[in-house]
Amino acid sequence: MPKELINANPVLYGKKERRARSESTNIDEYAEEPIDQQEIFDHVRDIKDPEHPYSLEELNVVSEGSIEVNGEMNYVRQEITFTPTVEHCSMATIIGLCLRVKLMRSLPSRYKIDIRLAPGSHATEDAVNKQLNDKERVAAALENPNLAEVVAECLAPTFA
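Just so we're clear, the structure is a prediction, and the values are computed from it rather than from any experiment.

(A) Quick peek at the nonpolar core. Grouped together as the largest cluster of nonpolar side chains are 36 residues, with contacts concentrated most on Ile47, Ile80, Phe82, Leu99, Leu103 and Ile115. Those elements giving two or more residues to this core turn out to be α1 (37–44), β2 (75–82), α2 (92–106), β3 (111–117), α3 (125–132), α4 (135–143) and α5 (145–155). Ranked by the residues each element gives to this core, the list is headed by α2, at eight residues. Leaving out residues up to four positions away in the same chain, Ile80 has contacts with Ile40, Val62, Ser66, Ile67, Leu99, Leu103, Asp114, Ile115 and Arg116.

In structure tokens, the structure reads:
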């Protein structure tokens, strides 16, 4: 965690109540079930901000409305748009990396994940978007032990 905070006093939005998922009527345990916007949000809502002890949901960095799921059962594209708390946030790339890693670990490989900054929300939006959606850059970042540790801290479960 950085010593000097980029956004020392972030606005907190609170958490939405978790909705119960409807039970599947499919009795075939090997059948592929579609994953919707709510399920994707449930995967990423509790990721911790790398700078603050709050979740991305509490800081309104990611919301259910910023997730789009398109496609058929055998190939699904999902786009997650996130909004840093400040326009010059140096943690934007790490936040995007955390989102990508969490979804790569949580979803089947048939899901293509696009992580993007909300348009106009960051000073270096194009460069960050390019980094977050380049497989080689993501792999190289995760090979860095310091970055991997920060990502692991952000993804660690909280028991609040």
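So much for the structure itself; the text now carries on.
(B) Seen up close, the pattern of salt bridges. Enumeration over the complete set of coordinates arrives at six salt bridges. Between Arg77 and Glu79 there is a salt bridge, with its nearest N and O atoms 2.6 Å apart. In this structure, Arg77 and Asp114 form a salt bridge, with 2.9 Å as the shortest nitrogen-oxygen distance. Residue Arg77 is located in strand β2, and its partner Asp114 is located in strand β3; the two are separated by 37 residues in the primary sequence. Through salt bridges with shared partners, a single network forms among Arg77, Glu79, Lys112 and Asp114.

(C) Region of the structure containing unusual backbone geometry. Its identity as a non-glycine residue notwithstanding, Asn60 has a phi of 60 degrees, on the positive side. Here Asn60 lies in the loop between α1 and β1 (67–72). Classification of Asn60 by relative accessible area gives partly exposed; the value is 37%.

(D) Main features of the environment of Ser90. Inspection of the secondary structure puts Ser90 in the loop between β2 and α2. The class of Ser90 is partly exposed, set by a relative accessible area of 48%. On a C-alpha basis, the gap between Ser90 and Glu51 in space is 9.9 Å, while along the polypeptide they are 39 residues apart.

(E) Geometry of the packing of α2 against α4. Look at α2 against α4: their axes get within 11 Å of each other, and the N-to-C directions meet at 95 degrees. Between α2 and α4, the crossing angle belongs to the class labelled roughly perpendicular. Every residue of α4 that contacts α2 at Leu97, Arg100 and Val101 is listed here: Val138, Ala141 and Leu142. Split by residue class, the contact of α2 with α4 holds five nonpolar, no polar and one charged.

(F) Structural detail: the side chain of Gln78. Structurally, Gln78 can be placed in strand β2. With a relative accessible area of 0%, Gln78 lands in the buried category. Filtering out sequence-adjacent residues up to four positions away, Gln78 remains in contact with Ile40, Glu68, Val69, Leu103, Leu107, Tyr111, Lys112, Ile113 and Asp114.

(G) Structural detail: the environment of Glu51. Tracing the sequence through the fold places Glu51 in the loop between α1 and β1. C-alpha of Glu51 to C-alpha of Met91: the two residues are 40 residues apart in sequence and 7.6 Å apart in space.

(H) The pairing of β3, seen in detail. Most of β3 sits out of view: five of its seven residues are buried. Here β2 pairs with β3 via seven bridges, running parallel. Along β3, the bridge assignment pairs Val76 with Tyr111. The parallel pair β2 and β3, bridged by α2, forms a crossover whose chirality is right-handed.

(I) Quick look at α3. Along α3, the residues that are buried comprise Glu125, Val128, Asn129 and Leu132. Projection of α3 onto a plane perpendicular to its axis shows the buried side chains occupying an angular sector of 100 degrees, all on one side. In α3, those exposed residues whose orientation departs by more than 90 degrees from the buried face are Asp126 and Lys130.

Conventions adopted
- Residues numbered from 1 in each chain as written.
- Predicted model: local features only at pLDDT ≥ 70, side-chain atom pairs only at ≥ 80, totals over all residues.
- Heavy atoms only, no water.
- Core = buried A, V, L, I, M, F, W, Y, C linked by side-chain atoms within 4.5 Å.
- Buried < 20%, exposed > 50% of the residue type's maximum accessible area, 1.4 Å probe, protein only.
- Helix = DSSP H or I, 4+ residues; strand = E, 2+ residues; numbered from the N terminus.
- Contact = heavy atoms within 4.5 Å.
- Salt bridge = Lys/Arg side-chain N within 4 Å of Asp/Glu carboxyl O.
- Axes fitted to C-alpha atoms, helices over the stretch in contact; angles between N-to-C directions.
- Parallel < 35°, antiparallel > 145°, perpendicular 65-115°, else oblique.
- Nonpolar A, V, L, I, M, F, W, Y, C, P; charged D, E, K, R; others polar.
- Pairing = 2+ DSSP bridges.
- Right-handed = clockwise from strand over helix to strand, strands pointing away.
- Arc of directions from axis to C-beta.

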